[in-house]
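# Notes for the structure review
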Amino acid sequence: MIESRHERRFVHLVLLGASMIALYPFVSILLLALNPPGKRVSGFTIPSTISFENFTLAWQRGNFAQALFSSAVVAVTVVAASVAFSILAGYAFATMRFPLRNTLFVILLAGLMLPYEALIVPLYFDFRSLGLLDSRWAVILPQIGFSVSFGTFWMRTAFWAQSGGALVEAAQLDGANTWDILRRVLLPVSGPAVMSLSALLFLFAWNDFLLALVLLPQNEAAQTAPLALSFFAGLRRGGEPSTIAAAALLVAFPVLIVYIFMQRRFIQGITTGATKG
Amino acid sequence: MQRDGLAPTRAPLRPPQLSRPSRPARPVRRGPSGRVQPVAYLYLLPAFAFFAVFAVAPLVHAFKLSFYEWNGITDQVWVGLDNYVTVFTDPHVRAALWNSVILIVFYAVLPICVALVIVGLMARVRIRGRTAFRAVLFVPTILPLTVVAVAWRWVYAPDGPLNFGLDLIGLDFVSRAWLGDFTFALPSMGMVGTWVTFGLVFVLFAAGVQKIPSQLYESARIDGANMVREFFAVTLPALRGEITVALILTVTAALRNFDLVFVMTRGGPGTNTEVPSMFIYRSVFQIRSIGLGAAIGVILMLELLAVNLAVLWYRRRGDLSA
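Here is what the cut-offs are and how they apply
Residues numbered from 1 in each chain as written. Chains lettered and ligands numbered in written order. Predicted model: local features only at pLDDT ≥ 70, side-chain atom pairs only at ≥ 80, totals over all residues. Helix = DSSP H or I, 4+ residues; strand = E, 2+ residues; numbered from the N terminus. Contact = placed C-beta atoms within 7 Å. Buried ≥ 20, exposed ≤ 12 C-beta atoms within 10 Å, placed from the backbone. Expected span 1.5 Å × (residues − 1). Arc of directions from axis to C-beta. Axes fitted to C-alpha atoms, helices over the stretch in contact; angles between N-to-C directions. Parallel < 35°, antiparallel > 145°, perpendicular 65-115°, else oblique. Left-handed = near helix turned anticlockwise from the far one by under 90°. Nonpolar A, V, L, I, M, F, W, Y, C, P; charged D, E, K, R; others polar. Core = buried A, V, L, I, M, F, W, Y, C linked by C-beta atoms within 7 Å. pLDDT = per-residue confidence, 0-100.

## Some words on the overall build of chain B
Looking only at helices and strands, chain B features 14 helices and two strands. In chain B, the share of contacts with a sequence separation of at least 24, taken over all contacts with a separation of at least 6, comes to 73%.

Here it is as structure tokens:
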């Protein structure tokens, strides 16, 4: 490849600049949060003494212990159920023949285009009449309903990559039933696909805000972390920005951890997908 | 070999399912052949049950509600298409719809253009630390939008870093309360959208560019193509598939935008940053006009459907003529 040194340097500088822009807002609230609360901060100030007091304050005043726990319960339940159901459905679509197979698949896929902003109004009133409003189920159940479209497509593709191979055929010849083939043959080799799906669904579930805002309007104990953050940031508007910054970091922390460990998988999942078709 | 992460966020929207049933590219895919297996329905049951109850049923209910006038308590009154008429005549709702269209420029057009330029530059040289750049640039896409909103509210604050920086370089006459400014509130919000979607778009394009055979660039250069010609002759056509996916994802994000507005501006100042999803929220909790909220939801859904189909249609047509 022909390349000039100037060109190389220039491209790297552009990427470096873009990376700084990508990280700056996050870094700026980190710096802000590390100041002692009440200190007047402006602009690019780097804290002279590092204080974690903002985090303590946010934790106490913003109900974040409760909220992070609630978010974790919601996210784990949503991921576990969605992944399990997606594995089952994806497996059927990938390996079995049955009437209406394509029709059913297209219907399920159409769910990917469904904005849940459009469903939030009926969901609110449906759950109100069922008495589920303000319970964690009110956000868990719809999230599972929205996630299975994506999950089923994902698992079907993953199983497809496997089920054309000799493994499944050999098992079929051995007279294994469908359940055994899934459990003993396909699942053991589909670990990475299941992990990627879980990570993505965790991200969606953790970051959800609108469902929680509408469907958990009154129950503080069930509030998820993004919801608690928005209340905390809203009530104190014009108040203590450094404490709000600390609260935001508390909410972002679990997602960042998952991202750091699963980063490659996220990016791979998105890019390999886009290159197909 | 174990291939993980084969599926994309939105790839299913692309032709495979439209042009099914056979996938000739896949080698030995015997899978669903042989006899019919009714047990399949048992495997589908849980997923479809949840999908039917929590996605399809609310959708039907939304359609129904959109034809009624209802305050959430008293009896529902059938009003036909009145709510839809309101959507297109009420200045407040129209402002919200129009804003969401403007946001497409910031969420989709801008990041795609910038990413294309950067990726076009990258195509010509070997990048050191490619994966590190990718990982860092992707961070804004994964953060909760509520956190993003809090961070940018600080950046844009009257005494925040942006104004501080502007003052520092002598542009103090530019600095202002960005999110409270009637002219700049919407573009400021839009730039946050650009910041969020750029990482996703960049990652898609960077992966696409890596697959372009370097011989193409070499022969372009032998033909005397300069950087710009090379970009339009080689890079851009090769990225058509990635651009399709990027458009679908980013336009969807633009039209659905709620979290940023709710935390950053609540639609203000005035109705300057009002968006459809914000209005849906208001219709339940403030205005108490449930039918109107449902109607806006239906419109929003149709809008997204139209955009998706338009992009896909354009893509398929392009493929045929290519």
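Following the structure, the description resumes.
## Structural notes on the overall build of chain A
Helix and strand counts for chain A stand at twelve helices and zero strands. Along chain A, helices and strands appear, N-terminal first, in the series α-α-α-α-α-α-α-α-α-α-α-α. Along the longest, intermediate and shortest principal axes, the C-alpha atoms of chain A span 75 × 70 × 30 Å. Here chain A, with 277 residues, has 51% of them falling under the buried criterion. Looking at chain A alone, contacts between residues at least 24 apart form 77% of all its contacts between residues at least 6 apart.

## Some points on helix 8 (residues 178-189) of chain A
Residues and elements named next belong to chain A. For helix 8, spanning twelve residues, the distance from its first C-alpha to its last is 16 Å, which sits close to the expected 16 Å at 1.5 Å a residue. Within the sequence span of helix 8, burial applies to Ile 181, Leu 182, Val 185 and Leu 186. The arc enclosing the buried residues of helix 8, seen along the axis, measures out at 130°, which places them on a common side. Across from the buried face of helix 8, at angles greater than 90 degrees, the exposed residues are Asp 180, Arg 184 and Pro 188.

## Side note on the packing of helix 4 (residues 91-122) of chain B against helix 8 (residues 185-210) of chain B
Residues and elements named next belong to chain B. Across the interface, helix 4 lies against helix 8 with an axial gap of 7 Å and an inter-helix angle of 40°. Taken together, the axis directions place helix 4 and helix 8 in an arrangement best described as oblique. Considering how the two elements wind past one another, helix 4 and helix 8 form a crossing that is right-handed. Classifying every residue of the contact of helix 4 with helix 8 gives 22 nonpolar, five polar and no charged.

## Examining the nonpolar core
As a rule of thumb, nonpolar side chains are buried together in soluble globular proteins. Ranked by size, the top nonpolar core spans 189 residues in total, and within it A:Leu215, A:Ala248 and B:Val150 carry the most contacts. The greatest single-element share of this core, amounting to 16 residues, is contributed by helix 3 (residues 64-95) of chain A. Setting aside anything within four residues of it in sequence, one finds A:Ala248 in contact with A:Ile29, A:Leu229, B:Val147, B:Val150 and B:Ala151.

## Quick notes on helix 13 (residues 276-285) of chain B
Most of helix 13 of chain B is tucked away, with eight of its ten residues classed as buried. Those residues of helix 13 of chain B that sit buried are B:Pro276, B:Ser277, B:Met278, B:Phe279, B:Ile280, B:Tyr281, B:Arg282 and B:Ser283.

## Focus on the interface of chain B and chain A
Contact residues are listed per partner, giving 109 residues for chain B and 105 residues for chain A. Looking at the side of chain B that touches chain A, the element that brings in the most residues is helix 2 (residues 40-65) of chain B, giving 16 residues. A class-by-class count of the residues in the side of chain B that touches chain A yields 72 nonpolar, 19 polar and 18 charged.

## Considerations on the packing of helix 1 (residues 5-33) of chain A against helix 5 (residues 130-142) of chain B
For the pair helix 1 of chain A and helix 5 of chain B, the least separation of the axes is 8 Å and the interaxial angle reads 35°. In the packing of helix 1 of chain A onto helix 5 of chain B, the handedness of the crossing is left-handed. Side by side, helix 1 of chain A and helix 5 of chain B meet where A:Leu15, A:Ala18, A:Ser19, A:Ala22 and A:Leu23 of the first sit next to B:Phe133, B:Val136, B:Leu137, B:Val139 and B:Pro140 of the second. Taken together, the residues that form the contact of helix 1 of chain A with helix 5 of chain B break down as nine nonpolar, one polar and no charged.

## Details of unusual backbone geometry
Residue B:Pro269 is bonded to the preceding B:Gly268 through a cis peptide linkage, with omega at -5°. As for its position among the elements, B:Pro269 is in the loop between helix 12 (259-264) and helix 13. Positive phi is not limited to glycine here, since A:Asn63 has a value of about 65°. Relative to the elements of secondary structure, A:Asn63 occurs in the loop between helix 2 (53-61) and helix 3. Among the residues examined, A:Asn63 registers 18 C-beta atoms within 10 Å and is labelled partly exposed. A positive phi angle is found at B:Arg288, which is not glycine, with a value near 55°. Examined against the element boundaries, B:Arg288 turns out to sit in the loop between helix 13 and helix 14 (290-321).

## Things to note about the confidence of the model for chain B
Residue and element names in this part refer to chain B. Looking at chain B as a whole, its pLDDT mean stands at 85, while 88% of the residues score no less than 70. The spread of mean pLDDT over the elements of chain B runs between helix 1 (residues 16-19), the lowest at 37, and helix 2, the highest at 96. Here residues 1-31 is modelled with pLDDT under 50, and outside its nearest four sequence neighbours on either side it reaches 73 contacts, counting other chains as well.

## A short note on the environment of B:Ala149
Residue and element names in this part refer to chain B. Within the secondary structure, Ala 149 sits in helix 6 (residues 145-156). We classify Ala 149 as buried; it has 26 C-beta atoms within 10 Å. The sequence separation of Ala 149 and Leu 260 amounts to 111 residues, and the corresponding C-alpha distance is 5.3 Å. Among residues more than four places away in sequence, those in contact with Ala 149 are Asp 259, Leu 260, Val 263 and Met 264.

## A few points about the environment of B:Val196
All names here are of chain B. Mapped onto the elements, Val 196 comes out in helix 8. For the pair Val 196 and Val 148, spaced 48 residues apart in sequence, the C-alpha separation works out to 8.3 Å. Apart from residues lying up to four places away in sequence, Val 196 is in contact with Pro 140, Thr 141 and Val 148.

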